[in-house]
Amino acid sequence: MSMQPNQKTLNIALPKGRLGEKAYGLFERAGYGCPDILSGSRKLLFENQEKGVCYFWVKPSDAAIYVARGVADLGVCGKDILMEEAPDVYELLNLGIGRCRMDVAARKPFVDDPSRTLRVATKFPRVARQHYEAAGRDIDVIKLSGSIELAPLLNLSDVIVDIVETGTTLRENGLDSVETLFDISARLIAGKAAFQFKQPAIVKLAEALAAATTERA
Ligand code: PRP
């Protein structure tokens with residue numbers, strides 16, 4: 001029998017991996033545990049009827065899609081993805097986990113030559129475009145899927161726009177941060193229809209999560 005998310009339950013998209021496990025820890029502390037979820041199996045969908053929650057493990061960059069399309073009522077999603085995808089969802093709470101930042105970085109020493117189009121390698125083309133458009137700087141966006149730090153080393157790009165957490169990847173590749181665009185952390189997001197139809201349950205959960213997040217900080 002397949003487990004079907006139902007009307008009474010809050011359906012929650014959690015990002016697979018370390019961030020998702022931390023996020024689940026907050027939900028558990030908030031009173032929305034689902035013990036089976038940590039069984040180490042490859043299952044992707046877990047329900048605790050008693051607590052009225054159903055969790056899905058999704059690819060982190062997809063969490064907002066499940067929420068925007070209404071199959072998840074709530075989700076946990078990095079601010080980086082919210083800035084890049086601008087999904088049509090409500091951002092309810094800063095969970096204070098998965099902290100990092102969105103930086104421009106380059107080989108050192110970096111001197112921008114404004115007479116030339118700046119080549120920018122990134123996984124975040126919208127973020128990069130918005131930033132340089134606001135600065136009135138012409139850019140050529142080179143969209144990559146990972147290992148962004150290679151691009152300036154191979155002269156594929158002049159700079160990168162990428163996530164910096166500890167700074168190790170920049171340092172070990174001889175790159176330096178040029179500027180920080182914004183700070184990133186995981187957010188609780190809600191679907192607009194879900195917020196309308198399940199508002200009391202969502203508000204209750206968000207308040208309990210806010211308390212669990214503060215306790216942790
Ligand atoms: C991310 C990011 C940086 C790195 C930053 O990459 O794109 O490369 O982590 O972390 P640090 O500052 O602690 O070194 P990720 O590990 O997601 O791999 P990717 O190359 O596939 O983007």
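Please read all numbers here as calculations on a predicted model, not as lab measurements.

What counts and how
- Residues numbered from 1 in each chain as written.
- Predicted model: local features only at pLDDT ≥ 70, side-chain atom pairs only at ≥ 80, totals over all residues.
- Heavy atoms only, no water.
- Buried < 20%, exposed > 50% of the residue type's maximum accessible area, 1.4 Å probe, protein only.
- Helix = DSSP H or I, 4+ residues; strand = E, 2+ residues; numbered from the N terminus.
- Arc of directions from axis to C-beta.
- Contact = heavy atoms within 4.5 Å.
- Near = heavy atom within 4 Å.
- Polar contact = N/O pair within 3.5 Å; in protein donor to acceptor, adjacent residues only side chain to side chain.
- Areas by Shrake-Rupley, 256 points an atom, 1.4 Å probe, with all protein chains shown as cover.
- Phe/Tyr/Trp six-rings, centres within 6.5 Å; stacked < 30°, edge-to-face > 60°.

Pro125, Val127, Ala128 and Tyr132 are the residues of helix α4 (residues 125-134) that are buried. Down the axis of α4, the buried set is contained in an arc of 165°. They therefore lie on one face. Relative to its buried face, α4 has exposed residues pointing more than 90 degrees away, namely Glu133 and Ala134. Those residues of α4 hidden inside the fold are in contact with α3 (79-85), β6 (100-107), β7 (118-122), β8 (139-143), β9 (159-164) and β10 (175-184).

Lining the immediate surroundings of the ligand are Lys123, Gly146, Ser147, Glu149, Asp162, Ile163, Val164, Glu165, Thr166, Gly167, Thr168 and Thr169. Taking Asp162, its side chain carries an N or O atom lying 2.8 Å from an oxygen atom of the ligand. Between an oxygen atom of the ligand and a side-chain N or O atom of Thr169, the distance comes to 2.4 Å. Against a free-state accessible area of 500 Å², the protein chains account for coverage of 65% of the ligand.

All right, on to the packing of aromatic side chains then. Per the stated rule, a full pass over the model turns up three aromatic pairs. Their ring planes at 85° and their centres at 5.6 Å tell us that Tyr24 and Tyr55 sit as a pair that is edge-to-face. With Tyr24 in helix α1 (residues 18-29) and Tyr55 in strand β3 (residues 53-58), this residue pair connects regions lying 31 residues apart in the sequence. Owing to a relative accessible area of 1%, Tyr24 belongs among the buried residues under this scheme.

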